[in-house]
Amino acid sequence: MFNQFLFTLFNSTKEMSTSTQILGSIPVDPLTGAISVPIYQTATFVQEAPGINKGYDYSRSGNPTRATLETILAQLESGTTGLAFASGLAAIDTVLKLLKSGDEILAVDDIYGGAYRLFTKVYEKFGIKVNYVDTTDLEQVARAFTAGTRLVWLESPTNPTLKVSDIKAIAQLAHSNGALLCVDNTFASPVVQKPLELGADIVMHSATKYLGGHSDLIAGALVTRDEELGAQLKFLQNAGGNILGPFDSWLIIRGLETLTLRIKQQCASALAIAQYLEQHDAIESVYYPGLESHPNYETACRQQKGFGGIISFRLKEDTQEAAGLFLKQTRLFHLAESLGGVKSLCCLPCEMTHKSVPREKCLETGVTDGFIRLSVGLEETEDLIADLEQALQGLNHTVAAVVEESLAAC
Ligand SMILES: *Cc1c(COP(=O)(O)O)cnc(C)c1O
């Protein structure tokens, strides 16, 4: 009986980052036995003699609380070096500093708005070119490499249309063309997908989202497998000062303690909600990699352990008015940017998260006026569905009432 239990436990350990694994990687304080990681809120460390210290000299270069988080992150993403940043964008910014003028980036077309802004409005003026392609199409990816391509930038699943790209195949293409592959793993989380195991060189997170998990901080992360690449990024992090403070590092560690449980519940709820939305009359299409109707469903099944907690959908009435009404009527889904927290959120990407992406580019990738993104939290699944039901019903009533009014006016 016990053996049977152990067998299933280890078997599932292989498949997912379990709570057991994550909790096992969080150390007990060797000095005091404190079970919670101490917060070393200090700028500097007193030295015994010039250059003789206990491993730390200044908190930008290294801080024990941040170092603990960085070790946990490295293990969680199957890497050797973990780095914690002041934000997800600070992490991306540090990766871009590996490049020099004349280098090119091959990037996923349906990219996070802030990454797009950093690539085009900041780095292009330093002579770095970005080539956006539909990375779900491997032939397009293969054709897009040039002699200057040094970095492939992927998000999978993407924000907000949840496109899934074949990480393993793209890693091979990148390497045979002399480029590094960096995967923004924010949407999947390491519980659902481990890009380094699929061949990526760098994995990046906005730790603001699932890793922190409580919508109470801004943070970012990078993990590499190659120690030399890890050392280069650590050098750039220290040189630019893009570090996460001790208290926020501690908050992320605390968030990680429940990561597996949160993600399992969010994946289960999101799948049920996506199925519910797909059969609803007021909805034109649902974007969720766990639906068989999703164009990349097979890739998602192959490379992910779950389908994540984000769902996007387009209303049949594809207007900002209809979307606005819907967003006003939800009660459990709060209208806000961000995702990955315990409270469910909803947003209108074209006006909010993707405002910095030109409108034509948004429309090209399907992010229209009636395109809504949901982040599924930890409320009961049936309560979340009931909330969507009443908001969609209200939409029908209101639209019907408007039509009636305008008919009466005739
Ligand atoms: C939020 C987000 C980022 C940016 O992270 P910040 O922590 O907000 O700087 C990058 N990529 C994705 C996919 C995100 O959702």
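By the naming in an unreviewed UniProt entry, the protein chain is Cystathionine beta-lyase, taken from Taibaiella chishuiensis. Entered under Cofactor (unreviewed entry) in the UniProt record, the comment concerning the protein chain runs "pyridoxal 5'-phosphate".

1. Side note on the sheet that holds strand S7 (residues 220-224)
Whether parallel or antiparallel, the strands of a sheet pair through hydrogen bonds between backbone atoms. Spatial ordering of the open sheet is given by S1-S7-S6-S5-S4-S2-S3, a layout of 7 strands whose pairing is mixed. The outermost strands of the open sheet, each flanked by one partner alone, are strand S1 (81-85) and strand S3 (129-133). The average angle at which neighbouring strand axes cross in this sheet is 20 degrees, direction not considered. Sheet topology places strand S2 (residues 104-108) next to strand S4 (residues 149-155); 4 bridges connect them, and they run parallel. Within S4, the position partnered with Ile105 by the bridge is Leu151. Together, S1, S2, S4, strand S5 (180-184), strand S6 (202-206) and S7 form the strand contacts of helix H4 (residues 88-96), whose direction differs from that of S6 by roughly 155 degrees. In the packing of helix H9 (residues 227-240) onto the sheet, the strands contacted are S1, S5, S6 and S7, and the crossing angle to S1 comes to about 20 degrees.

2. Some remarks on the domain arrangement of the protein chain
Taken domain by domain, the protein chain comprises domain 1 (2-256) and domain 2 (260-409). Of note, the centres of domain 1 and domain 2, computed from C-alpha atoms alone, are 28 Å apart. At the interface, 43 residues of domain 1 touch 39 residues of domain 2. Together domain 1 and domain 2 conceal approximately 3,300 Å² of surface at their shared face, both sides included; 58% is due to carbon and sulfur atoms. At the junction of domain 1 and domain 2, the tally comes to 1 salt bridge. Taking the shortest distance from any N to any O, the salt bridge between Asp166 and Arg302 comes out at 3.0 Å. Elements represented by at least two residues in the side of domain 1 that touches domain 2 include exactly helix H2 (19-25), helix H5 (113-123), helix H7 (167-176), helix H8 (189-192) and helix H10 (246-256). The element contributing the most residues to the side of domain 1 that touches domain 2 is H5, with 4 residues. Tallied by class, the residues present in the side of domain 1 that touches domain 2 amount to 17 nonpolar, 18 polar and 8 charged.

3. Re empty space enclosed by the protein
Taken as a whole and assessed by the stated rule, the structure comprises 2 cavities of 30 Å³ or more. Within this model, the largest cavity holds a volume of roughly 50 Å³. Every residue along the wall of the largest cavity is listed here: Asp109, Asp110, Ile111, His354, Val357, Lys361, Cys362, Thr365 and Val367. A class-by-class count of the residues in the lining of the largest cavity yields 4 nonpolar, 2 polar and 3 charged. Among the domains, domain 1 (2-256) and domain 2 (260-409) are the pair contributing at least three residues each to the lining of the largest cavity. For the second largest cavity, the calculated volume is near 30 Å³. As for the second largest cavity, its lining consists of Leu69, Leu73, Ala84, Ala207, Leu211, Ala219, Gly220, Ala221, Leu244 and Ile252. Looking at the lining of the second largest cavity, the elements that each hand over two or more residues are helix H3 (64-76) and S7. Residues belonging to the lining of the second largest cavity are distributed by class as follows: 9 nonpolar, 1 polar and no charged.

4. Focus: the packing of aromatic side chains
According to the stated counting rule, one finds 9 aromatic pairs in the structure shown. Ring geometry for Tyr116 versus Tyr132: centroids 5.4 Å apart, planes at 45 degrees, classification tilted. In this pair, Tyr116 sits in helix H5 while Tyr132 sits in strand S3, placing the two residues 16 residues apart along the sequence. For Lys361, the ring lying beneath its charged end belongs to Tyr132, and the centroid distance is 5.0 Å.

5. What about the packing of H3 against H10?
Running from N to C, H3 and H10 point in directions that differ by 35 degrees, and their axes come no closer than 8 Å. Crossing angle aside, the handedness with which H3 passes H10 is left-handed. Two secondary-structure elements touch here, H3 through Thr65, Arg66, Thr68, Leu69, Ile72, Leu73 and Leu76 and H10 through Pro246, Ser249, Trp250, Ile252, Ile253 and Leu256. Of the residues that constitute the contact of H3 with H10, the class distribution is 9 nonpolar, 3 polar and 1 charged.

6. A short note on the UniProt feature "modified residue: N6-(pyridoxal phosphate)lysine" (unreviewed entry) in the protein chain
Per the UniProt entry, the sites bearing "modified residue: N6-(pyridoxal phosphate)lysine" (unreviewed entry) are Lys209 in this numbering. On the secondary structure map, Lys209 appears in the loop between S6 and S7. The contacts of Lys209, once residues within four sequence positions are left out, are Thr186, Ser338, Leu339 and Gly340.

Thresholds applied
Residues numbered from 1 in each chain as written. Predicted model: local features only at pLDDT ≥ 70, side-chain atom pairs only at ≥ 80, totals over all residues. Heavy atoms only, no water. UniProt positions renumbered as here; feature names shortened; annotations may be inferred. Pairing = 2+ DSSP bridges. Helix = DSSP H or I, 4+ residues; strand = E, 2+ residues; numbered from the N terminus. Axes fitted to C-alpha atoms, helices over the stretch in contact; angles between N-to-C directions. Contact = heavy atoms within 4.5 Å. Domains from an automatic or database assignment. Buried area = accessible area lost by both parts, 1.4 Å probe. Salt bridge = Lys/Arg side-chain N within 4 Å of Asp/Glu carboxyl O. Nonpolar A, V, L, I, M, F, W, Y, C, P; charged D, E, K, R; others polar. 1 Å grid on protein atoms, 1.4 Å probe; cavity = no way out; pocket = protein on both sides within 12 Å on 5 of 7 lines; lining within 4 Å. Points joined across faces, edges and corners; volume = space filled by probe spheres on them. Phe/Tyr/Trp six-rings, centres within 6.5 Å; stacked < 30°, edge-to-face > 60°. Lys NZ or Arg CZ within 6 Å of the ring centre and 35° of its normal. Left-handed = near helix turned anticlockwise from the far one by under 90°.

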